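This is what each chain is made of:
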Amino acid sequence: MTSWMRKVCTALFGVVTLLVSVTAQGNSIEQFRVWTSPSETRIVMDTQAVPEYSYFSLTSPDRLVIDVKKSTNQASLPVEVKDSPVLSKIRKSTPPESSSYRLVFELKSKVTPKLFTLAPTPDGQKGHRLVIDLPHGAETAVAPTSSSTSTSAQVASAPVTRAKDVLIVIDPGHGGEDPGSIGPTKKYEKNATLAISRKLEQRLNAVDGVKARLTRNGDYFVNLNRRVALARENNAHLLISIHADAFTSPQPRGGSVFVLNTRRANTEISRWIENSERQSELLGGSATVINNDDKNVNQTLLDLKFSYSQKEGYKLAEEILKEMGKVAKLHKTKPVNTSLAVLRSPQIPSVLVETGFISNPTEEKLLFQRSHQDKLAKALADAVITYLKQNPPEGVSPIQSAAPTYHTVKSGESLSVIASRYGTTTSALQRENNLKSSTIRVGQKLTLPSGSTSSQSSLKPVETETLTHVVKSGEYLGSIAQKYKVSVAAIKRENNLRSDTVRVGQKLKVTVKLVDKPVRYHTVARGEYLGKIASKYGVTISAVRSANNLRSDELAIGQKLVIPNK
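Thresholds, definitions, all that
- Residues numbered from 1 in each chain as written.
- Predicted model: local features only at pLDDT ≥ 70, side-chain atom pairs only at ≥ 80, totals over all residues.
- Heavy atoms only, no water.
- UniProt positions renumbered as here; feature names shortened; annotations may be inferred.
- Buried < 20%, exposed > 50% of the residue type's maximum accessible area, 1.4 Å probe, protein only.
- Helix = DSSP H or I, 4+ residues; strand = E, 2+ residues; numbered from the N terminus.
- Arc of directions from axis to C-beta.
- Core = buried A, V, L, I, M, F, W, Y, C linked by side-chain atoms within 4.5 Å.
- Contact = heavy atoms within 4.5 Å.
- Pairing = 2+ DSSP bridges.
- Axes fitted to C-alpha atoms, helices over the stretch in contact; angles between N-to-C directions.
- Phe/Tyr/Trp six-rings, centres within 6.5 Å; stacked < 30°, edge-to-face > 60°.
- Lys NZ or Arg CZ within 6 Å of the ring centre and 35° of its normal.

As recorded by an unreviewed UniProt entry, the protein chain carries the name N-acetylmuramoyl-L-alanine amidase and is attributed to Vibrio ulleungensis. Reading the Sequence similarities (unreviewed entry) entry of the UniProt record for the protein chain gives the comment "Belongs to the N-acetylmuramoyl-L-alanine amidase 3 family." Within the UniProt record for the protein chain, the comment given under Catalytic activity (unreviewed entry) is "Hydrolyzes the link between N-acetylmuramoyl residues and L-amino acid residues in certain cell-wall glycopeptides."

Right under this line is the structure:
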């Protein structure tokens with residue numbers, strides 16, 4: 001063998017050795033993410049490569065054990081899970097072989113898990129993933145109303161039976177594993193859509209004869225087919241899906257409303273939206289987009305009901321554009337035809353509202369401003385009420401306009417507190433009452449903005465409470481605002497702050513809606529009983545019973561109780 005050949009063989013041997021070494025190292029677990037929805041708890045495990053795994057269940061206590069083959073772990077363990085009704089902890093254990101990694105999921109009850117892998121998304125936003133879905137029991141209908149007195153936003157409400165009220169299902173786009181589009185400053189579409197949807201739900205629920213429900217009321221994923229199914233199962237009269245648009249360049253801006261057309265998308269942005277919907281399914285997994293081979297769907301497409309829902313959806317879209325154009329720039333002044341799964345409900349008129357372009361720096365900022373969200377929600381609510389008055393569904397009472405609503409100023413109230421309570425803005429209150437400043441006096445009677453002449457619907461008061469928050473190490477205004485579901489501007493205004501800087505130990509007043517007040521927990525100590533605990537927190541015994549599903553008043557030392565906010 002010549003010297004040259006020896007060098008080549010040595011080099012080849014080195015490459016083979018390196019490949020064997022890399023293979024021997026195997027996969028790597030990089031992180032865990034947990035989301036709790038009303039129907040299930042989802043755990044997403046990010047891995048370096050395609051995960052090879054096996055699993056089994058154990059009882060007494062209930063556990064799910066997963067062995068990830070030829071893997072090491074880089075993620076932080078254990079993971080404590082506080083808001084899931086079925087999962088309490090994720091921890092490691094001794095694997096059956098040294099090359100594997102064993103994970104133990106400590107369960108609160110027996111569940112039938114669903115495991116599947118997800119490949120990397122085409123845009124590289126997500127890599128390889130192992131998804132573990134733990135069902136909570138019977139699948140629920142819709143997420144609870146945000147004005148519910150439930151102690152947790154994750155507890156689903158019972159199905160709504162169609163009676164005399166008009167039922168509107170509002171679908172906040174994306175959620176959980178699927179953030180939607182991401183703006184220039186890394187803000188997520190899923191957060192803007194949920195905030196706007198909650199405000200819209202509150203406004204519609206304030207109108208006599210109208211009920212609104214959300215498909216999700218937290219940061220979790222609901223697949224596209226399920227969103228439509230929720231509306232259908234609850235016999236909804238309308239389905240409104242809320243989104244924030246995006247494009248490959250930052251220039252496009254303005255709102256649009258999409259309606260179903262089974263033909264090919266008629267604009268480049270429509271095609272972008274359709275691709276985005278497919279991307280959402282890749283991110284969330286465990287579902288397929290509407291199956292056109294389903295004979296039931298194909299038959300329904302030919303049914304007159306489908307033509308009806310398309311026609312009514314177009315009417316609603318026109319009203320939304322008319323109202324939205326008063327408070328925001330429009331990208332398209334006419335409804336845009338597209339083919340999206342979330343619009344394909346033959347029985348229910350449906351629209352998809354793009355509230356602005358999150359890819360545009362100016363509109364990204366607007367979409368996360370509380371005042372702008374209020375304006376959009378009001379415009380959408382006004383459009384819905386106008387549509388319902390002109391096109392009342394069969395079997396429901398006509399929507400009646402309400403008389404103007406007034407508020408008498410009480411001690412300790414400011415204009416901003418009153419505006420927050422009624423879902424409006426300080427500037428709107430000033431305009432309505434011809435106020436030259438934000439100064440008000442106790443006993444003063446304020447006229448609440450009645451909105452446009454199309455609805456003039458009054459808003460029911462939202463119960464609030466002013467809390468004192470003591471700044472802890474590592475906290476900043478943004479994290480505090482997120483904790484209490486208020487804006488940074490609201491905290492600054494209430495505490496007369498001139499900058500975003502806060503110091504450890506500083507006391508801040510924060511006015512929160514009772515439904516957004518952080519959930520409190522109490523660990524039962526020796527000598528405590530239900531009446532004593534209820535009295536301590538200023539709530540009723542029945543409220544504590546209900547929040548914890550207690551069948552008797554007997555408590556155990558160390559038992560952890562959820563304390564309701566009222």
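From this point, things continue past the structure.
Participant: Can you walk me through helix α11 (residues 477-484) in this structure?
Facilitator: Since one α-helical turn is 3.6 residues long, residues separated by three or four positions face the same way. Among all positions of α11, only L477, I480, A481 and Y484 are buried. Projection of α11 onto a plane perpendicular to its axis shows the buried side chains occupying an angular sector of 100 degrees, all on one side. Phi turns positive, to about 60 degrees, at K485, one or two residues after α11.

Participant: Is there a simple way to explain the nonpolar core in this structure?
Facilitator: What tends to happen in soluble globular proteins is that the nonpolar side chains get buried as a cluster. Of all hydrophobic cores here, the largest spans 38 residues; its most connected members are I168, L204, V351 and V353. Put simply, the parts of the chain that give this core at least two residues each are β11 (166-172), α2 (189-205), β12 (210-214), β13 (238-245), β14 (256-260), α6 (304-324), β16 (350-357) and α8 (370-390). The element that contributes the greatest number of residues to this core is α8, accounting for 9 residues. In contact with L204, not counting residues within four places along its chain, are I168, I170, V210, A212, A381, V384 and I385. The next biggest cluster of nonpolar side chains, apart from the first, holds 22 residues, and it includes I29, I66, L130 and L134.

Participant: When you look at the sheet that holds strand β1 (residues 27-36) in this model, what are you seeing that I'm missing?
Facilitator: Two strands in a sheet stick together by hydrogen bonds in their backbones, pointing the same way (parallel) or opposite ways (antiparallel). If you trace the 5 strands from one edge of the open sheet to the other, you get β5-β1-β2-β10-β9, paired in mixed fashion. In this open sheet, the two edge strands, each paired with only one partner strand, are β5 (71-73) and β9 (114-118). Strand-to-strand twist across the sheet, computed as the mean angle between neighbouring axes with direction ignored, equals 30 degrees. Pairing of β9 with strand β10 (residues 128-135) involves 5 bridges; the strand directions are antiparallel. Paired with K114 across the two strands is D133, which belongs to β10.

Participant: How should I be thinking about the packing of aromatic side chains in this particular structure?
Facilitator: Geometry of an aromatic ring pair is reported as the spacing of the ring centres plus the angle between the planes. For the coordinates displayed, the defined rule picks out 0 aromatic pairs. Here the basic side chain of K187 rests over the ring of F368, its NZ or CZ set 5.9 Å away from the ring centre. Above the ring of Y521, the side-chain terminus of K560 is found at 4.9 Å from the ring centroid.

Participant: Please explain unusual backbone geometry as it appears in this structure.
Facilitator: Note: most peptide bonds trans; most residues except glycine with negative phi. Looking along the chain, the bond that leaves S60 and enters P61 is cis, with omega of 0 degrees. As for its position among the elements, P61 is in the loop between β3 (53-58) and β4 (63-68). Of the consecutive residues L77 and P78, the connecting peptide bond is found in the cis state with omega at 0 degrees. A positive phi angle is found at S60, which is not glycine, with a value near 50 degrees. By the element assignment, S60 lies in the loop between β3 and β4.

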